[in-house]
Structures are given as C-alpha cells and as structure tokens.
Number of protein chains: 4
Amino acid sequence: MKIREERLNPVLENLKRGGPAIILPKDIGQIIAYTNIGKESICVEAGTGSAFLTVSLANICKKVYTYEKDERFVKFAKENIKRSLLNNIEIKQRDVIEKGFDEKNADLVVLDMPNAKKAVLYARKVLKKGRFLVGYLTNIEQVKDFVKECENEQFQNTFTLETIQREYLVKDKGTRPVHKGLMHTAYLVFAKK
Amino acid sequence: MKIREERLNPVLENLKRGGPAIILPKDIGQIIAYTNIGKESICVEAGTGSAFLTVSLANICKKVYTYEKDERFVKFAKENIKRSLLNNIEIKQRDVIEKGFDEKNADLVVLDMPNAKKAVLYARKVLKKGRFLVGYLTNIEQVKDFVKECENEQFQNTFTLETIQREYLVKDKGTRPVHKGLMHTAYLVFAKK
Amino acid sequence: MKIREERLNPVLENLKRGGPAIILPKDIGQIIAYTNIGKESICVEAGTGSAFLTVSLANICKKVYTYEKDERFVKFAKENIKRSLLNNIEIKQRDVIEKGFDEKNADLVVLDMPNAKKAVLYARKVLKKGRFLVGYLTNIEQVKDFVKECENEQFQNTFTLETIQREYLVKDKGTRPVHKGLMHTAYLVFAKK
Amino acid sequence: MKIREERLNPVLENLKRGGPAIILPKDIGQIIAYTNIGKESICVEAGTGSAFLTVSLANICKKVYTYEKDERFVKFAKENIKRSLLNNIEIKQRDVIEKGFDEKNADLVVLDMPNAKKAVLYARKVLKKGRFLVGYLTNIEQVKDFVKECENEQFQNTFTLETIQREYLVKDKGTRPVHKGLMHTAYLVFAKK
C-alpha cells in the first residue's frame, strides 16, 4: 500500500526516509509543469526537509539553493543529497524568516515551511520578473494567509491548485482504482512576480 | 473559465491553439515527475499533436525527437515549435506503427496516439534499460490493452495513474473550489524497461 | 452537459428551474444517508430556495416544515411544491435568524442559507436528542464558523464531508469519465445533538 | 481512521461487522437520491450481504425483499435485520440468477452480486415502468457488461456514476481534508425501465 501511495522515480528511490514529511511526485510534477523551469533555471527553496523536492529540482535545473533552519534536518538532507549523486545543490542552515535569501535572479522559489507567508517578501526579492513563487501549504488557513501576502507584495497572477491522484489496478479479472490511498497532501499556491 | 481549466506556464502560453487536443500541465507534470527525466535526457514522442508536451519536455531535456503521421498536424506543430524558441526538437513525419523509431538509448518514450499499444514493441527497442515508457490514454479499454502489451513486451514495473485537479477561489468573502472544470483528461500508464 | 451534471430523479424532473440555486441529488443523498431519516421522520429546513431538497425530503419523510425569508422564493417554492404532488410540506415565510422555528422534536434540521451559523442555536431547540443538524455550506469559512457554533451549542459529534461525483461514458468505442463537470457544490457539516 | 472512512448513521451503527463487504452511506445515499424511492416504495435487492443497504432502504420504504444465495450470509444478514428493529424486510435464500424474483411492481431493484448482469432480465420483470434498476459494481468490466445487458433488455435511460468523498478536519490550527481514506468503493449504474 505504501509503495502505491508514494511511487517514486529512480532518483528518489535511493533517498533515505524517516525524516521530515516528503513532497511526493504528484506535487513535484505540478510545481515543475506550471512554473516552466528547465535546464537553465536557478531554483531557491526553503525549507529543505528530506530534500525530495530539492533533488527533483536539481535533476532538472542548473542550480538549486536550499535553506533549512533545523540542524537535524540539514544533516538528514545532506545525506540524501549525497545519495542523489547530484552536484548542483547548495544547502544552507538558516531561518529565512529572519535573514532572507542570498541569491538574485532566481527562476523559481518554493516555500515549504511553517509561516511561509513571512518569507514571501524575501521570495519577491530573489525572483526574476515573470517567474513564480510556489507555496506548498497543508491547510486552507495557510493558503489564505499566503495568497493575501502575495497580493500585498504585488505578485500579479496568483492561483491555487490541489491534485487528487488515483492509482488503478488493471487486471484480467477487473480494472478499478485502488480502494485506499492519499486523499490530501497539500495545496499549491502559484504567484507570478 | 477556459483559462482556469488550462492554466499554462509561460513557455506554453505563446503556442497556438485550435489544432489537435493538447496535453495539459497537470498531466505533463506527472510524466516528468514519475519518470525522472532531466537535463541530460533524450526523449522520444509519438504523436506530436499540438506539440505542447514536446515543448515542455524540450524545455527540460537535452533533446526531443517527436513523430507525427498527420501532415496537417506536423505543420501545426512546427509552427508551435518555432514559437517556443527552443532548438532541441526534431520532428519527423511518420506513422511509427508501420516503421518504428530511429533513435537508440532514449530516457523516455511517450505515446499519445490512436492504437498506442501497437507502438509498444518499438518503444521497447528505443529505450535504455531502467527507463520509462508512458502511455497517455483516454479510455479504460486503451489502458487495458496498453498494460497487457507492456507485459507481453517484458516491461517490468507497470502502473496506471489518473489525476484530478481542482483550482480554488481564495477571496475574502469565501474560499472554495471553482464550481465547474475538467473531470477527466486521460489515464497515464508508466512501464519501466 | 447540463443534464449530465444534474441528473434528477423522477419527482424532481417536474420542478421548475430558474430560481435560487438548487441542491443536487449528489448532496441530497448524503444528507439522507448520514442522518438516517425515514418514513416516520419530521424534518425542518431553512431556507427553502427552489424546494428541491424540500421535495426530496418530503418524498421520504412524514412531514417537512420549511422556512424561507424571501417572498419571491416562497412563491417560486410553492409552485414547485405544487408540482411535486406531495401534500406533507408546510412552507412559512420567515427569517429564522430573527424568530427561530415553531417545531419541536424534529428528526432533522437542514440549514441552507446565508449566515447559517446564526440559526444553529434555534436548530438545537428544535431537534430531538441524538438527531442531526446539517449545514449546506459553500465556503470553507462558513464551514469553520458553523462547526465552531455547533461546538458552542454542545452538539457532540460534528463532521464535515464533501462529495465529488463523476459520470462515465460507457460505449463500445471506449469507457471514461465525462470530460467536464461539477467540481464543487458545497460542504456538508453534520452535527448530532 | 476506520470510523472516518465509514461514518454510519444511527440505525447502521448497531449492525454487526465482519461479514461480507458492506455498502457505505456514500453510495446508499446516491441510490436513494437518484431513484426517488420513498415511503410508499417496494424495493427488491440481491444479494443481501451484510444487509447494510437492506436496512437503509427499509428505514425509508414500505417493504424490502432481499435475496441471498449464500447460507452463511443469510444467517449474518438475519442477525443484522433483527438488530435494526425494522419489521418490513423479507429475506429469501435463493440464487436469483437461476430462479429470478417472486415480486411484481417493484419501485427499485438493486443488484450487488457477482454476475449481476445475469439478473438484469429478472430485474426487468420485477420493476414497474419508469422505475430504476441499480447495479453496484466494483470493476469497469462489470460496468460495461451490465450497461450492455440493460440496453439489450430495453432499459431506456442508463447512466453510470462514481462518488469520491472526503472528510475534512476543521480545527483552529488548520482546516484540510484527512490525509488518507477510501479512494474507491464501486460504480453505480442506473437504468430506467
């Protein structure tokens, strides 16, 4: 059952589990498809967590800068970055709500952290014009706060998506969705600078 | 309403509509996230259609080879490839069911065409070991045929996903999913060589 | 398309459309199935609106008392009640937020009205112990307010459901969900006295 | 978690579990809402299974006749019918595919059994004109066979629905759908005589 809920692509299969909650391919795919990042893109992310999104972005983009304030998570993420065999990830231990980001001209900023709304103004400074900030947000209340903050910070095109995914059993004796599975992971808010 | 159902990322916004049915970001994202393609990947696709997936893959990957048998669609796709400003796409007018593909060692093959099952054996020849074939299939009957053909052709890890996406209105006066939208586009079958 | 989104059972097919938004069978079914009303039940409802739920409840229950404050809607509802040929419905023009309900020992109270939370205390007075209040609520904000008010009023078992329904095309040439349809109608909050 | 997936109304709460798979309120509600049964209706059902649908229908309708071929299930169902305290249910041990039904002029026939398609012709004989046959079917293949058989037997209005239900956590600290739950129970085919 677990495998069905969280099918992972080959790069992610090698990563360690058991740390902070991971972002699953279902949501990683939406982030990539709606923001249009590609092989020339610079991505900035906070927080790193288990580094599943970090590694997925690094597999596609030129460079990923990722921020994590919790020392234990940094350690966990470093192990996973090592396992990914990718060498275009830079991880920094920092609380971005206090100190912001170092980068400029980023093509994507993703925030997956408590109080993500408080990092929106820093995200704005980092982003190139026309590029996206994405909030990965568990609750509707966080979505509301985040959208409002994006509007305050003059992001121009804000939309919110949720994705429900079902796996099918395809057998000679009968084809149907699997009975149990993930009903909800998070809402994704996209805001264009 | 149309915009809500089919939000497009910046590269796709410039493409022409009105040709064959397009693959939307919701499904493009799943293809990218579950197959693990990246900036070093070679992708092969049939059929090209309106080239929305073609352009999305080319934005991420090293090279995309795309096959389309219908002359009018080839013309339409060429216009869109030109508009994308990407120069790593090669389009060939051919019915792959009759003549197969020219490439070797591809990292991904996507089939979005009538009778996709008849191209599975050619897809197998093109793919590197450990890489994915994806079928974009409208009907359950096509899914069953495709899965069976993948098993016949010794693909080892076959799974089928469908994605339902909802956009939310986030307003001071109330937050809720939009009332009407897309309930279904296609099923995605993933098969690993 | 319209018919598909709003398939109606035979009693409802005869009712007039074009008045206030109707409650659809998808949600009517949930209200009936989770609250356990039956042929001996007394139901109380506000507001009546187009009387689609009113008529559905009356078809099953002993008696339905329904309240509507808007004079035009009362007129519209009366026409539909007449068309239903059911004679166990009593409609009253009243703003229940100001004056509450007349009944006692009801087996179900359904609130489908602006500011439904302000009628929760009246609903509590009307209900038998162990029976359900249901809020039909469009927005998450209304859900939150309603749930909080139910807890304030000592309802003991409160839960919130949403139902997504898809119709399938089943044809020789292919079986699949219809492409477009209703993504959202309302959230249902159930609270047991 | 179990309770969340299968919230039951008060009548059903008293029934025994651990027998054949039950039909849940989510689907019971759809059957009631789309077929328009009420307090004057005669319902016929096969097979009885754990009698959850049987009891739900009996709570609403005048009389329910239910058929079950498996002796052990009959015993299990009788215990549950007793627990429901309803006295308008008649259960018969019989394989309806071999011998059909005894009733005439039914307002609803529900088939929840292997090879339901083979009982469609008997269902037709039992039903009043203008009333519904409902198939509760786990797999798409069963849906296709059932729909085709209904068309062969001259049912005039056939449609197929699936219902996805989500429960929400509504808390001060955040509102969101529960993470895990039921993704699929069954498809419902409705056919009007």
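Given the structure is predicted, the values throughout are model-derived calculations rather than measurements.

**Focus: the packing of aromatic side chains**
Two numbers describe a pair of aromatic rings. These are the distance of the centres and the angle of the planes.
Okay, step 1: The tally for this structure, following the rule as stated, stands at 28 aromatic pairs over all chains.
Okay, step 2: When the centroid spacing of 6.3 Å and the interplanar angle of 80° are considered together, the rings of Phe132 of chain A and Phe159 of chain A count as edge-to-face. Linking Phe132 of chain A in strand S5 (residues 127-137) with Phe159 of chain A in strand S6 (residues 157-171), this pair joins segments that are 27 residues apart in sequence. Exposure class is identical for Phe132 of chain A and Phe159 of chain A. Each is buried.
Okay, step 3: Here a set of aromatic residues connected by ring pairs shows up, and it is made of Tyr34, Phe132, Phe159 and Phe190 of chain A.
Okay, step 4: One residue, Arg124 of chain D, lies across the ring of Phe155 of chain D, its end atom 5.9 Å from the ring centre.

**Examining the interface of chain B and chain A**
Okay, step 1: Listed per partner, the contact involves 46 residues of chain B and 45 residues of chain A.
Okay, step 2: On the surface where chain B and chain A come into contact, there are four salt bridges.
Okay, step 3: Across the salt bridge formed by Lys148 of chain A and Asp172 of chain B, the nearest N and O atoms sit 3.0 Å from each other.
Okay, step 4: One can count 25 residue pairs in polar contact (both at pLDDT 80 or more) joining chain B with chain A.
Okay, step 5: Counting residues per element, the ones that place at least two in the side of chain B that touches chain A are helix H2 (10-13), helix H3 (25-35), helix H4 (52-60), strand S5 (127-137), helix H8 (140-152), strand S6 (157-171) and strand S9 (187-192) of chain B.
Okay, step 6: The element contributing the most residues to the side of chain B that touches chain A is S6 of chain B, with 13 residues.
Okay, step 7: Its residues placed into classes, the side of chain B that touches chain A shows 20 nonpolar, 14 polar and twelve charged.

**Quick notes on the interface of chain A and chain D**
Okay, step 1: Every contact between the two is made by 25 residues of chain A and, on the other side, 25 residues of chain D.
Okay, step 2: Between chain A and chain D the total buried area reaches about 2,100 Å² when both faces are included, carbon and sulfur atoms providing 52% of it.
Okay, step 3: Of all residues in chain A, Arg166, His179 and Met183 of chain A bury the most surface against chain D, accounting for 32% of the area lost on that side.
Okay, step 4: There are two salt bridges connecting chain A and chain D.
Okay, step 5: There are 15 residue pairs in polar contact (both at pLDDT 80 or more) connecting chain A and chain D.
Okay, step 6: Elements with a minimum of two residues in the side of chain A that touches chain D: helix H8 (140-152), S6, strand S7 (174-177) and strand S8 (180-182) of chain A.
Okay, step 7: Counting residues per element, the side of chain A that touches chain D draws most heavily on S6 of chain A, which supplies six residues.
Okay, step 8: Its residues placed into classes, the side of chain A that touches chain D shows eight nonpolar, nine polar and eight charged.
Okay, step 9: Pairing of S8 of chain A with strand S8 (residues 180-182) of chain D involves three bridges; the strand directions are antiparallel. Bridge pairing in S8 of chain D links Gly181 of chain A to Gly181 of chain D.

The rules behind the values
Within every chain, residues take consecutive numbers counted from 1 along the sequence as written. Each chain gets a letter, beginning with A, and each ligand a number, beginning with 1, in the order they are written. Given that the model is predicted, a residue must reach a pLDDT of at least 70 before its local features are reported, and side-chain atom pairs must reach 80 or more before they are shown or counted; all residues, however, enter totals for whole chains, interfaces and linings. Water and hydrogen atoms play no part in the side-chain values, which are based on all heavy atoms of the structure. For Phe, Tyr and Trp, where Trp contributes only its six-membered ring, two rings pair if their centres lie within 6.5 Å, and the inter-plane angle classes them as stacked under 30 degrees, edge-to-face over 60, or tilted in between. Counting from the N terminus, the helices are the DSSP runs of H or I reaching at least four residues and the strands are the DSSP runs of E reaching at least two. Each residue's exposure class comes from its accessible area (1.4 Å probe, protein chains only) as a fraction of the maximum for that residue type: buried when under 20%, exposed when over 50%, partly exposed otherwise. Remark: a charge is flagged as sitting over a ring if the NZ atom of Lys or the CZ atom of Arg is within 6 Å of the ring centre and within 35 degrees of the ring normal. Here a residue-residue contact requires only that any non-hydrogen atoms of the pair lie within 4.5 Å. Any Lys or Arg side-chain nitrogen found within 4 Å of a carboxyl oxygen on Asp or Glu counts as a salt bridge. Polar contacts here mean pairs of N or O atoms no more than 3.5 Å apart (in protein, one a potential hydrogen donor and the other a potential acceptor; neighbouring residues in sequence count only if both atoms are side-chain atoms). Here the term charged refers only to Asp, Glu, Lys and Arg, the term nonpolar to Ala, Val, Leu, Ile, Met, Phe, Trp, Tyr, Cys and Pro, and the term polar to all other amino acids, Gly among them. Here's the idea: put two parts together, see how much 1.4 Å probe accessible area each one loses, and the total over both is what we call buried area. We call two strands paired when DSSP finds no fewer than two bridges between them.

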